[in-house]
Amino acid sequence: MDISKDIEKIKNFSTEVKKNILEMAFTAGASSSHFGGALSIVEIISFLFSHKMKIKKNNPNWIDRDRFILSKGHACLAYYAALCEVGYITKEQIKTFEKDDSDLLGHPVINRKLGIDFSNGSLGMGLSLGIGVAIALKKNKKENNIFVILGDGECNEGSVWEAAMAAPNLNLSNLYAIIDNNNFQQTGSNKEIMNTDSLYKKWSSFGWETKEVDGHDIEKLCKIFEESEQSPKPKAIIAKTIKGKGFSFSENNNNWHHAVLSKTLYEQAKKELI
Amino acid sequence: MIINERNIKVWSTIGSRATFGIAALELAKEVDNLMVLTCDVSTSAGLDRYRKIYPDKYLDLGIAEQNLIGVAAGLASEGFNVITTTFAPFQTIRCCEQIKVNIGYMKQKICMVGIASGLTLGNLGFTHCCIEDVGILRTIPGITIISPSDSLETVKALEAAIKSDKSIYIRLTGSSNNPIVNDKDYTFEIGKSIKLREGKDLTIFCAGAMVYNCLEAAKILSEKNISCSVVNMHTIKPIDKDAIKKASEKSKLIVSVEEHNIIGGLGSAIAEYKATLNNSPKQLIIGVDDIYSKGGSYKFLQEKHGLTPGKIVDNILQNLK
């Protein structure tokens with residue numbers, strides 16, 4: 001099957017997502033934004049929202065939609081940017097990012113009208129929520145999937161492993177955990193702070209259908225998700241990514257975990273996008 | 001559920017935990033979307049029959065309370081009516097932040113049942129006692145807290161919690177052979193306290209297993225010509241402000257008695273409101289005096305922490321001087 005058109009569509013979507021991220025990060029000004037960890041999931045979230053997930057553009061509350069949980073809630077720049085491209089959030093609304101009384105804070109707050117299904121931000125909680133949703137959908141005889149994005153730093157949290165242990169026991173074939181493995185966390189590399197070693201081995205040994213993939217390669221993302229689909233187990237996708245991906249100044253530079261995007265760098269980034 | 005003299009006696013004998021299991025079993029017959037979630041405590045929570053009869057409405061998540069709350073919230077977000085239960089410290093403090101984010105902040109409706117709260121499990125030590133749950137949960141917006149006075153009230157509270165659209169924590173105290181406070185059917189309304197005894201000198205507000213002890217204390221005091229009102233403050237949050245206001249207008253002394261730390265619980269909730277009233281009387285807060293004591297039997301710990309009828313009387317008499 002020729003998927004080149006799909007890939008092109010996802011690529012275009014991800015370019016727009018990056019543009020939206022730049023707008024929001026710049027708008028945030030001195031209050032800073034979690035820039036690096038949002039850029040590492042741009043292709044993944046674009047693949048999900050423009051291609052993989054069953055959603056309805058005119059109805060964020062569509063009962064038969066696939067569910068999405070951004071467990072690493074600090075990467076919400078990418079989430080809001082994707083929801084904007086889908087059409088749930090307007091270009092005007094994204095400019096309220098982190099402003100007083102905004103619906104778009106630095107971590108997602110449940111708002112079904114805007115397509116934000118859950119509140120997240122405190123790390124290590126999203127996968128448990130996903131399990132609850134996955135059980136509910138199975139009980140209701142729905143065929144939808146649940147996609148949860150976690151960070152590799154987030155995998156320091158013990159609660160992640162409570163959930164990781166439970167999902168295979170519960171035979172949740174409709175649950176996807178996508179681990180953004182960008183090798184960094186807030187104050188250093190994973191190796192410096194808490195060496196998670198092989199996430200593949202860990203998730204695999206917990207009983208997940210586990211795959212590793214270049215998280216920026218859209219073609220490979222399409223392939224790996226398709227390959228996983230038939231497994232009766234819950235799926236763990238270890239996405240090898242680059243923190244701050246897409247801009248020369250931020251790639252693999254952990255100073256961009258949470259930083260201010262200056263006017264100069266904003267202009268430079270826009271040029272790099274073209 | 002059928003409420004009659006026989007059932008009230010049976011529930012009292014088996015205690016509030018086992019009564020909870022029976023009540024859940026009855027609720028499962030009527031509530032299609034009910035789910036009961038536990039953490040490897042089905043026997044302790046009286047759910048052995050439930051899990052056999054309703055395996056589709058039951059989920060054991062193993063010894064993992066943080067995951068318990070997240071899974072419960074996920075189910076609730078898809079329209080299930082969820083009860084979670086485990087021992088009170090693990091049901092509340094172990095997963096406190098999950099409760100804050102999923103139930104408080106995200107407003108997913110869940111009924112949490114903390115079994116063996118207070119001092120019941122004193123011979124297992126204070127890891128298994130729970131004198132902090134009310135104080136901690138009271139600071140999370142959006143959670144109602146109920147502490148039933150006996151086994152019948154446990155049934156009433158659970159039924160009300162399932163019908164309610166609010167998240168509720170039901171704090172179960174007492175052991176088997178739980179004394180009967182309510183010997184016949186009555187109207188139970190969340191947030192509305194029940195005056196069990198009328199008196200003119202002072203008012204005792206109490207909750208959970210302490211209600212029976214306070215009624216006994218009031219009898220002893222009446223023999224000493226001290227007339228007490230006793231109010232079953234089964235709902236600790238939201239607190240029944242009207243009842244506190246009325247009591248403050250006519251009582252010489254307000255007393256609160258709880259099987260909980262004196263910081264953060266029923267006494268604090270009453271004091272917080274009472275402090276806003278003009279000319280309100282003094283309040284005597286009886287409970288565990290902010291200490292982890294040596295452990296022992298339930299009776300031993302009630303005695304040690306001044307929660308038996310006799311000790312409550314002594315404390316009140318001291319404060320009336």
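From a predicted model like this one, the values you see are computed outputs, not experimental measurements. (Residues numbered from 1 in each chain as written. Chains lettered and ligands numbered in written order. Predicted model: local features only at pLDDT ≥ 70, side-chain atom pairs only at ≥ 80, totals over all residues.)

**Regarding the overall build of chain A**
Okay, so step 1: Each helix and strand in chain A was counted, giving 11 helices and 7 strands.
Okay, so step 2: Computed over its C-alpha atoms, the radius of gyration of chain A comes to 17 Å, within 12% of the 19 Å expected for a compact globule of 274 residues.
Okay, so step 3: For chain A, with 274 residues in total, the buried portion stands at 54%.
Okay, so step 4: For chain A, long-range pairs separated by at least 24 residues make up 78% of all intrachain contacts whose partners lie at least 6 apart in sequence. (Helix = DSSP H or I, 4+ residues; strand = E, 2+ residues; numbered from the N terminus. Rg over C-alpha atoms; globule rule 2.2 N^0.38 Å. Buried ≥ 20, exposed ≤ 12 C-beta atoms within 10 Å, placed from the backbone. Contact = placed C-beta atoms within 7 Å.)

**So, the overall build of chain B**
Okay, so step 1: Along the backbone of chain B there are 12 helices and 12 strands.
Okay, so step 2: In summary, chain B has a C-alpha radius of gyration of 19 Å against a globular reference of 20 Å for 321 residues, a match within 12%.
Okay, so step 3: In terms of its C-alpha atoms, chain B occupies a principal-axis envelope of roughly 60 × 40 × 40 Å.
Okay, so step 4: Classification of the 321 residues of chain B by burial places 56% in the buried group.

**Thoughts on the interface of chain A and chain B**
You'll often see interface size given as the accessible area lost when the parts meet.
Okay, so step 1: On the side of chain B, 19 residues touch chain A, which itself brings 19 residues to the contact.
Okay, so step 2: At the level of elements, α6 (126-139) and α7 (158-169) of chain A are the ones that each hand at least two residues to the side of chain A that touches chain B.
Okay, so step 3: The element best represented in the side of chain A that touches chain B is α6(A), accounting for 9 residues.

**Some remarks on the sheet that holds strand β7 (residues 194-197) of chain B**
Residue and element names in this part refer to chain B.
Okay, so step 1: Taken in spatial order, the 5 strands of this open sheet run β7-β9-β8-β11-β12, and their pairing is mixed. A strand with exactly one partner marks an edge of an open sheet, and here the two such strands are β7 and β12 (282-288). Direction aside, the axes of adjacent strands within the sheet are offset by 25 degrees on average.
Okay, so step 2: Two elements, strand β8 (residues 202-206) and strand β9 (residues 228-232), share 5 bridges in a ladder whose sense is parallel. From the neighbouring strand, Ile-204 faces β9, where its bridge partner is Val-230. (Pairing = 2+ DSSP bridges. Axes fitted to C-alpha atoms, helices over the stretch in contact; angles between N-to-C directions.)

**Description of the domain arrangement of chain B**
All names here are of chain B.
Okay, so step 1: By domain assignment, chain B separates into domain 1 (5-171) and domain 2 (194-320).
Okay, so step 2: Placing a centre on the C-alpha atoms of domain 1 and another on those of domain 2 gives a separation of 26 Å.
Okay, so step 3: Between domain 1 and domain 2, the contact holds 21 residues from the first and 27 residues from the second.
Okay, so step 4: Counting only elements with at least two residues in the side of domain 1 that touches domain 2, the list comes to α6 (133-138) and β5 (143-146).
Okay, so step 5: Examining the composition of the side of domain 1 that touches domain 2, we find that 4 residues originate from one element, β5, more than from any other.
Okay, so step 6: Among the residues making up the side of domain 1 that touches domain 2, the classes are represented as 8 nonpolar, 9 polar and 4 charged. (Domains from an automatic or database assignment. Nonpolar A, V, L, I, M, F, W, Y, C, P; charged D, E, K, R; others polar.)

**Quick look at helix α9 (residues 241-250) of chain B**
All names here are of chain B.
Okay, so step 1: The set of residues buried in α9 consists of Ala-243, Ile-244 and Ala-247. Buried residues of α9, viewed axially, fall in a sector of 100 degrees; they line one side. Away from the buried face of α9 by more than 90 degrees, exposed residues Asp-242 and Glu-249 are located. (Arc of directions from axis to C-beta.)

**Some words on the pairing of strand β3 (residues 81-87) of chain B**
Residue and element names in this part refer to chain B.
Okay, so step 1: The buried fraction of β3 amounts to 7 of the 7 residues, a majority that puts the element mostly inside the structure.
Okay, so step 2: Sheet topology note: the strand β1 (residues 34-38)/β3 ladder contains 5 bridges and is parallel. Within the sheet, the bridge partner assigned to Val-36 lies in β3 and is Ile-83.
Okay, so step 3: Bridge count for β3 against strand β4 (residues 110-115) is 6 bridges, and the pairing is parallel. When the sheet's bridge partners are listed, Thr-86 is paired in β4 with Gly-114.

**Notes on the packing of helix α1 (residues 5-30) of chain B against helix α7 (residues 151-163) of chain B**
All names here are of chain B.
Okay, so step 1: It is at 7 Å that the axes of α1 and α7 come closest, and there the two elements cross at 15 degrees. Considered as vectors, α1 and α7 are oriented roughly parallel to each other. Considering how the two elements wind past one another, α1 and α7 form a crossing that is right-handed. Note on element contacts: α7 touches α1 through Ser-151, Leu-152, Thr-154, Val-155, Leu-158 and Ile-162, opposite Ile-8, Trp-11, Ser-12, Gly-15, Ser-16, Thr-19, Phe-20, Ala-23 and Leu-27.
Okay, so step 2: Its residues assigned to classes, the contact of α1 with α7 shows 9 nonpolar, 6 polar and no charged. (Parallel < 35°, antiparallel > 145°, perpendicular 65-115°, else oblique. Left-handed = near helix turned anticlockwise from the far one by under 90°.)

**Things to note about the packing of helix α1 (residues 4-28) of chain A against helix α3 (residues 42-52) of chain A**
Residue and element names in this part refer to chain A.
Okay, so step 1: The geometry of α1 relative to α3 is characterised by a closest axis approach of 9 Å and an angle of 120 degrees between their N-to-C directions. Between α1 and α3, the crossing angle belongs to the class labelled oblique. Judged by the sense of rotation from one axis to the other, the crossing of α1 with α3 is right-handed. Residues Asp-6, Lys-9, Ile-10, Phe-13, Ser-14, Val-17 and Lys-18 of α1 form the contact with α3, whose participating residues are Val-42, Glu-43, Ile-45, Ser-46, Phe-47, Ser-50 and His-51.
Okay, so step 2: Classifying every residue of the contact of α1 with α3 by side-chain character gives 6 nonpolar, 4 polar and 4 charged.

**Some thoughts on the nonpolar core**
Okay, so step 1: Formed by 182 residues in total, the largest nonpolar core has its most connected members in A:Leu77, A:Ala78, A:Tyr80, B:Ile204 and B:Cys214.
Okay, so step 2: Formed jointly, this core draws a minimum of three residues from each of two domains, domain 1 (5-171) and domain 2 (194-320) of chain B.
Okay, so step 3: Residues in contact with A:Leu77, not counting those within four places in the same chain, are A:Ile21, A:Met24, A:Ala25, A:Ser33, A:His34, A:Phe35 and A:Ala38. (Core = buried A, V, L, I, M, F, W, Y, C linked by C-beta atoms within 7 Å.)

**Describing the sheet that holds strand β6 (residues 209-214) of chain A**
Neighbouring strands of a sheet are bound in pairs by backbone hydrogen bonds; such pairs are parallel or else antiparallel.
All names here are of chain A.
Okay, so step 1: Taken in spatial order, the 5 strands of this open sheet run β1-β2-β3-β7-β6, and their pairing is parallel. Only two strands of the sheet have a single neighbouring strand rather than two, namely β1 (67-70) and β6. Each neighbouring strand pair of the sheet contributes to a mean axis angle of 20 degrees, computed without reference to strand direction.
Okay, so step 2: Judged from the 4 bridges that link them, β1 and strand β2 (residues 146-151) form a sheet pairing that is parallel. When the sheet's bridge partners are listed, Ile-69 is paired in β2 with Val-148.
Okay, so step 3: Along the sheet face, α6 touches β1, β2 and β3 (175-181) and points at about 170 degrees away from the line of β2.

**A word on the environment of A:Lys52**
All names here are of chain A.
Okay, so step 1: Relative to the assigned elements, Lys-52 resides in helix α3.
Okay, so step 2: A residue is classified by how many C-beta atoms lie within 10 Å of it, and Lys-52, with 20 of them, is buried.
Okay, so step 3: Put simply, Lys-52 and Lys-139 are 87 residues apart on the chain and 23 Å apart in space, counted from C-alpha to C-alpha.
Okay, so step 4: The residues contacting Lys-52, other than those within four sequence positions of it, are Phe-47 and Phe-225.

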